[in-house]
Amino acid sequence: MSILNRNAYASLKRHLGALLKMTYVLSLIVLAGGWLLPVALSAQSTEGSDTNPGRILGTVTDINDDPIPDATVVLKGPIADNRHTLMTKDDGVFSFQDVTPGISYQITVTAEGFSEWDSSITLEPGQNKTLAGVKLRFEGKQRTVIVAYSPRQTATQQLKAEENQRLLGFIPNMYVVYETDPEPLTTKMKFDLAYKSLTQPVFLGWTAAWSGIQQAANTPNYPQGAVGYGKRLGANLAGGVTEGLIGNAILPSLLHQDPRYYYRGNGTKKSRLAHAMSAPFVCRGDNGHLQPNYSTWGGALISNAIATTYLPGSNRTADHVFGNFGIGLGMHVVSSLAQEFILARFTSKGAKK
């Protein structure tokens, strides 16, 4: 090969090598551009898009910061179809996903027993918005409650408490009222109270003791010994039953009077003394007003009059009847004084505090 040909071949070889290198570089540039351009365009599209959704979060609590579960949260847009509803979880949390940005939403929170909470919100593209201060206030509701007051039921409850009153824990003390303004007794209640007081073992014990006192005093004019004591005991039992029924049940029912003693417990000693001593002479009527105690007087007189049918002949006189009547009223006065100043402090259930 000639020198000319060798030079031409070398020159051609160099040009071909340069061309190949340029082609390789251009290929790399094209490939790189083909990869970077979509990425750039995608980034630009994402950065400039107005439809990238956002998210709204929050926690519903009461004014004490305690979470409210099962609260209803409504997210409502300007279009009727653009409405979303969900319930809060046990911790009061709610979360709306894929919320379209650039739209003015109205968010409303309601829960039973609480006042409504609402607010408006507009998201930026891709924004995660956490609502603060979603607090519901307790809602006060006015309710009208109609209470049907039953005087009879109240009187029954008060009477039951009186029937359970015990002196020294075992002696019945039924005929004393510690309530300041009790309901009046019905006729049935008056008879029930009389029956229960006359069937107590204490009544028999007291009658037996009083018969012993009469035996020692030789009155009434029965003979001494077991026969005389038995007659005195029988006469006293008959007299106690007739006076209890007539003075505490029959006449109080007919005359609408209360046979019980009303414990005062306050005021001066003088006023309390006058109140206790007047009890056998002045009683409270079923209408709540004070009136002459005809029931106590009538019970004592009638029972003493009936006693003349079984007492010895020497004791069947008017003097004996009125004498026993006076003794009976005196014992009522002593009993009232004891109730006012002594027995109340030893009586369980119902004693005035």
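Residues numbered from 1 in each chain as written. Predicted model: local features only at pLDDT ≥ 70, side-chain atom pairs only at ≥ 80, totals over all residues. Heavy atoms only, no water.

**Q** Can you break down the nonpolar core residue by residue, with the values?
**A** Counting 21 residues, the largest nonpolar core has V60 and F96 as the members making the most contacts within it. Residue assignment for this core shows that the elements contributing at least two residues are β3 (72–76), β5 (93–99), β6 (104–110) and β7 (117–122). Each residue touching F96, except ones within four places of it in the same chain, is listed here: G54, R55, I56, V73, V74, L75, H84, T85, L86 and I107. By size, the runner-up hydrophobic cluster in this structure holds 9 residues, among which are A155, L159, Y175 and L193. (Core = buried A, V, L, I, M, F, W, Y, C linked by side-chain atoms within 4.5 Å. Buried < 20%, exposed > 50% of the residue type's maximum accessible area, 1.4 Å probe, protein only. Helix = DSSP H or I, 4+ residues; strand = E, 2+ residues; numbered from the N terminus. Contact = heavy atoms within 4.5 Å.)

**Q** Please set out a nonpolar patch on the surface residue by residue, giving values where relevant.
**A** Together, F191, V241, L245, I250, L254, L255 and Y294 give the surface a local cluster of nonpolar side chains, amounting to about 590 Å² of exposed area. The class for L245 is partly exposed, based on a relative accessible area of 33%. (Patch = residues over 30% accessible without salt bridge, like charges linked within 9 Å, V, L, I, M, F, W, Y side chains within 5 Å. Areas by Shrake-Rupley, 256 points an atom, 1.4 Å probe, with all protein chains shown as cover. Salt bridge = Lys/Arg side-chain N within 4 Å of Asp/Glu carboxyl O.)

**Q** Any details on the side chain of S303? Residues and values, ideally.
**A** Within the secondary structure, S303 sits in helix α7 (residues 294–307). S303 gets classed as buried once you look at its relative accessible area, which sits at 4%. Of note is the side chain of S303, whose polar atom sits 2.9 Å from the backbone oxygen of G299. With residues near it in sequence (within four places) discarded, S303 still touches G239, T242 and E243. (Polar contact = N/O pair within 3.5 Å; in protein donor to acceptor, adjacent residues only side chain to side chain.)

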